[in-house]
Amino acid sequence: MNTQRQNPSVVIIGAGMTGIGLAIKLKLAGINNITLLEKAGSVGGTWRENTYPGVACDVPSHAYTYSFAPNPDWSSFFAPGHEICAYFQSVFDRYALAEHTYFNEEVTRCHYERGRWQVETANDTHFEADFLFSATGFLHRPKYPEIPGLENFAGPKMHSARWDHSVELKRKKIGVIGTGSSATQIIPELIDTENTQVSVFQRTAQWIVHTDNKPYSESDKAKFRAKPSRIERVKNLSLYVFEQGTTALTSQSLFYRTMHKLFAWNAVRHLKQKVKNPELRKKLTPDYTFGCKRVVMNGRFYDAMQKPNAHLVTEKIAKVVPNGIVTADGQHHELDILVMATGFDSTAFMRPISLEGRDGITINDVWRKKMVAYRSMCLPGFPNFFLTLGPNSPVGNYSVIAISEKQADYAIQLINAWQSGALETVEVKRSALDSWYAKLKGKLSHTIWASGCQSWYLDADGDPLTWPDSWKAWTRMMKTCNLDDFEHVSVQAQNDTETYSLAES
Ligand code: NAP
């Protein structure tokens, strides 16, 4: 091994779920010269920022856990947000990541110069590294609705990801815009708060799969502790169900087409069983294919919407006025508080950070026409840079922890290739990215996500930013690197490449 390359320095932007897992994976692989830069004062990313009432993970806890840090102490099948945040903090502590981390350092600019990444923060601090990872997440920048008069609302108004806990909810008239995963968790809590009146402004009905959240008793936890294989069983079974669900949205086979119909039938059955009033049921019935938007997993929303203080509004919002919302039919809905559960800018990725690769090329330049990255991670012109959870990363509703761990393993293989001298730099060829995406695009157009609804899964051209194949195909792809797809490959490596073809999956 090239002695100068034995101890590569790595900067990771973000100490959320992905950044923490990545730092640990790098350490376990013997790469210890790591700097984690976190814009806030604590870890946890999305789970630090989303503190709205009812916040919980809709992936089962044991499947939303690092493979190297199983947790017998989850309080329930679907853990609440604060517990997930505490889990990340405990793993961060266990692996002594504090010594690698700078808090309150918001990265503003990264540029590749003289063969290394130069990283600048809002505090004018400067870091330098051989490798740069963006671990900023993709559901991170709140998206505010563009509604006339929004700025004139006189009462408290907040985005779901910026909850203001000082706002008193009791005895208030509360409006919630949106019915996605966040809104459907918030709404039952607001409805169950003392003497509230809750108006839910639904633009599009959601497909909802019923979930029961079983608490784990002390005896359950003791059994998990005594026999970790029990945790594995719950995890594997949960992931298996998610895997089948995802494949049902992407596969053309008769088996999975039938499974897709079964999932859809089950969601309709849930709606029919829960919602008895035909008018309300009609309003809550989606008019697009099951799974086109990310499926909502929720066990409380339908019950909550039938309580006397719940009001479903399906008329288009015309404007916001100081004391409420006026809908297109002219009705004035009086409100004291306005909640915008309107989602995130899923295409921001690391931006507004200014990211400049080789020869001054910027991320906005390379993504001007199309937001793509080779295997979701590598970009031509950006040597030794890795995106995590980049475009086409989401594998349906599958656990993003599992996805990000595979991405970490993939990057480590490429860093190892750099360490050994097989790669001069880790820079993917433009041609490799183009041919990879061409195969991907052929599959994307056949997925359910491209079946005609509007969702955060889609880019500006209407192409899904998801992975269009099964979890198995994803893991197969991430298992090996085709070094031939990278620039500056040494002769030894050219003779020794392993290939992966999307067409084989
Ligand atoms: P979302 O799924 O994007 O939902 C946003 C909602 O706001 C939709 O109902 C949307 O309606 C509505 N909306 C947006 N702009 C509007 C406007 N101008 N007027 C009226 N309605 C408007 O956002 P989210 O619920 O925050 O969820 C985003 C993602 O975060 C989820 O899909 C999931 O991946 C993740 N999440 C996960 C969990 C978890 O438990 N793991 C929990 C929360 C969120 P349309 O449907 O008509 O666009």
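Residues numbered from 1 in each chain as written. Predicted model: local features only at pLDDT ≥ 70, side-chain atom pairs only at ≥ 80, totals over all residues. Heavy atoms only, no water.

### Notes on the domain arrangement of the chain
- Partitioning the chain into domains gives domain 1 (3-141 + 345-496) and domain 2 (143-206 + 293-343).
- Measuring from the centre of the C-alpha atoms in domain 1 to the corresponding centre in domain 2 gives 33 Å.
- Of the roughly 1,600 Å² buried between domain 1 and domain 2 on both sides combined, carbon and sulfur atoms contribute 49%.
- If you sort the residues of domain 1 by the area they bury against domain 2, Tyr52, Pro53 and Asp58 come out on top, with a joint share of 38%.
- In this structure, the connection of domain 1 to domain 2 is made through two salt bridges.
- Across the pair arginine 162 and glutamate 49 runs a salt bridge whose closest N-O atoms are separated by 3.6 Å.
- Taken together, domain 1 and domain 2 are joined by seven residue pairs in polar contact (both at pLDDT 80 or more). (Domains from an automatic or database assignment. Buried area = accessible area lost by both parts, 1.4 Å probe. Salt bridge = Lys/Arg side-chain N within 4 Å of Asp/Glu carboxyl O. Polar contact = N/O pair within 3.5 Å; in protein donor to acceptor, adjacent residues only side chain to side chain.)

### Things to note about the sheet that holds strand β5 (residues 116-121)
- Here four strands make up an open sheet; going across it, the order is β6-β5-β4-β18 and the pairing mixed. At either end of the open sheet lies a strand with only one pairing partner, and these are β6 (126-129) and β18 (354-356). Each adjacent strand pair in this sheet contributes to an overall mean axis angle of 15 degrees, direction not counted.
- Relative to β18, strand β4 (residues 107-113) is paired through three bridges, and the arrangement is parallel. Bridge assignment links arginine 109 to a residue of β18, and that residue is serine 354. (Pairing = 2+ DSSP bridges. Helix = DSSP H or I, 4+ residues; strand = E, 2+ residues; numbered from the N terminus. Axes fitted to C-alpha atoms, helices over the stretch in contact; angles between N-to-C directions.)

### Concerning the side chain of arginine 48
- Position of arginine 48 among the secondary structure elements: in helix α2 (residues 46-49).
- Here the side chain of arginine 48 touches glutamate 49 through a polar contact of 3.1 Å, side chain to side chain.
- Not counting chain neighbours up to four residues away, the residues in contact with arginine 48 comprise Glu38, Lys39, Ala40, Ser42, Val43 and Cys85. (Contact = heavy atoms within 4.5 Å.)

### Quick word on the confidence of the model for the chain
- Taken over all residues, the pLDDT of the chain has a mean of 95, while the share at 70 or more is 96%.
- Overall, residues 497-505 carries pLDDT values under 50, and its contacts beyond four positions in sequence, including any with other chains, amount to 25 contacts. (pLDDT = per-residue confidence, 0-100.)

### Let's talk about the sheet that holds strand β3 (residues 101-102)
- If you walk across this open sheet you meet the five strands as β3-β2-β1-β7-β19, and the pairing is parallel. The open sheet terminates on both sides in strands that have one partner only, identified here as β3 and β19 (385-387).
- Strand direction decides the pairing type here: strand β2 (residues 34-37) and β3, joined by two bridges, are parallel. Across the sheet, residue leucine 36 finds its bridge partner in β3, namely threonine 101.
- Sheet strands touched by helix α11 (residues 400-420): β7 (131-134) and β19. Its angle to β7, the strand with the most contacts, is close to 170 degrees.

### A look at a nonpolar patch on the surface
- A contiguous nonpolar surface patch, about 320 Å² in accessible area, is contributed by Leu237, Tyr240 and Val241.
- Within the secondary structure, leucine 237 is located in helix α6 (residues 228-250).
- We classify leucine 237 as exposed; its relative accessible area is 57%. (Patch = residues over 30% accessible without salt bridge, like charges linked within 9 Å, V, L, I, M, F, W, Y side chains within 5 Å. Areas by Shrake-Rupley, 256 points an atom, 1.4 Å probe, with all protein chains shown as cover. Buried < 20%, exposed > 50% of the residue type's maximum accessible area, 1.4 Å probe, protein only.)

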